[in-house]
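The chain contents come next:
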Amino acid sequence: AENELFGYAPDELIGRHLSVQDASAEEAVMRPSVRAALKTQGFWRGERRNRRKNGTEFISGANLTMIDIEGRPHILCVQRDITEQKKLEQIERAKDQRLQLAMVASGLGDWSWNALTDSITLSSRAASFFGLQPASSITWSDLSRLLIDGDRERVQSAMITALLNDEPFDLEYRIIRPDNGQTRWLAQRARAEFSAEGEAIGLSGVVRDVTDERTALERGSRQQAARDSSPGQQRDL
């Protein structure tokens, strides 16, 4: 009810300008975009900043509809308090931002595969590992062509096993980047995702470029092999 949402008794608002409930100058005068929507569509839906009688502010989800009363146009306004909802959305956005910062600091990018549509979703960082542009629209069938022969079949088999058996997907494999032709090592981890009905619908996880680590490891192995193959000095007993 109006008095519950704004704190006014109904008769206190009769004859008063709508701006008595508005929390900003922008809301006090109907915005051109709102006027245009009412004129062309007959309705407008959006958010408004409001002020209660006690001075506290809140955000409402508003529905404005043009109606005709005795041949005169009127606006019917229905609003609900969505302040807590907006706060929760801000908290979730902050969490997502912190997560993204942590992933960047760890050298990780996130990715997901929708098995029903075969579509791959890559974060900007994950796309850069594959040598792709951010927001690239690509299927797993297309992305798998970047993997070198041998690794491709191994990864595809592991993805299907992870999806069907709800097992962790954790592999390192080589790709040939389409932007510069370089061969890179990627480490990818994921777990299966399920629908509300419990059906496995895809995988989601993280990926990072481990080329430098693999190169250093291989160099160390070669050096150790060289030392092992060199004749040792015999000591007199």
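Notes on the structure in this doc start here. Source: prediction; values computed, not measured.

About the thresholds
Residues numbered from 1 in each chain as written. Predicted model: local features only at pLDDT ≥ 70, side-chain atom pairs only at ≥ 80, totals over all residues. Heavy atoms only, no water. Pairing = 2+ DSSP bridges. Helix = DSSP H or I, 4+ residues; strand = E, 2+ residues; numbered from the N terminus. Contact = heavy atoms within 4.5 Å. Axes fitted to C-alpha atoms, helices over the stretch in contact; angles between N-to-C directions. Phe/Tyr/Trp six-rings, centres within 6.5 Å; stacked < 30°, edge-to-face > 60°. Buried < 20%, exposed > 50% of the residue type's maximum accessible area, 1.4 Å probe, protein only. Polar contact = N/O pair within 3.5 Å; in protein donor to acceptor, adjacent residues only side chain to side chain.

1. Overview of the sheet that holds strand 8 (residues 183–194)
Spatially, six strands are ordered 6-5-4-9-8-7 in an open sheet, and the strand pairing comes out antiparallel. Two strands close off the open sheet at either side, each with one partner strand: strand 6 (138–139) and strand 7 (169–176). Pairing of strand 5 (residues 119–122) with strand 6 involves two bridges; the strand directions are antiparallel. Looking across to strand 6, one finds that I120 is bridged to I138. Against the sheet, helix 9 (residues 211–229) makes contact with strand 7, strand 8 and strand 9 (200–209), and its axis sits at roughly 125 degrees relative to strand 8, the strand it touches most.

2. Re the pairing of strand 1 (residues 43–51)
Alignment of strand 1 against strand 2 (residues 57–69), held across nine bridges, turns out to be antiparallel. Among the inter-strand pairings, E47 is bridged to a residue of strand 2, identified as G61. From the end of strand 1 to the start of strand 2, which pair antiparallel, there are five residues, and G55 there has a positive phi angle of about 95 degrees.

3. What about the packing of aromatic side chains?
Under the definition given, this model contains two aromatic pairs. Between W111 and F169 the ring centres are 6.5 Å apart and the planes differ by 70 degrees, which places this aromatic pair in the edge-to-face class. In this pair, W111 sits in strand 4 (residues 109–114) while F169 sits in strand 7, placing the two residues 58 residues apart along the sequence. Of the two residues examined, W111 and F169, each falls in the buried class.

4. Things to note about the side chain of D151
Checked against the element boundaries, D151 lands in helix 8 (residues 151–165). Engagement of the side chain of D151 in a polar contact is seen with the backbone nitrogen of R174, the distance being 2.8 Å.

5. A look at the sheet that holds strand 2
The three strands are arranged 1-2-3 in an open sheet whose pairing can be described as antiparallel. Among the strands making up the open sheet, the edge pair consists of strand 1 and strand 3 (72–81). If you compare each strand with its neighbour and ignore which way they point, the axes differ by 35 degrees on average.

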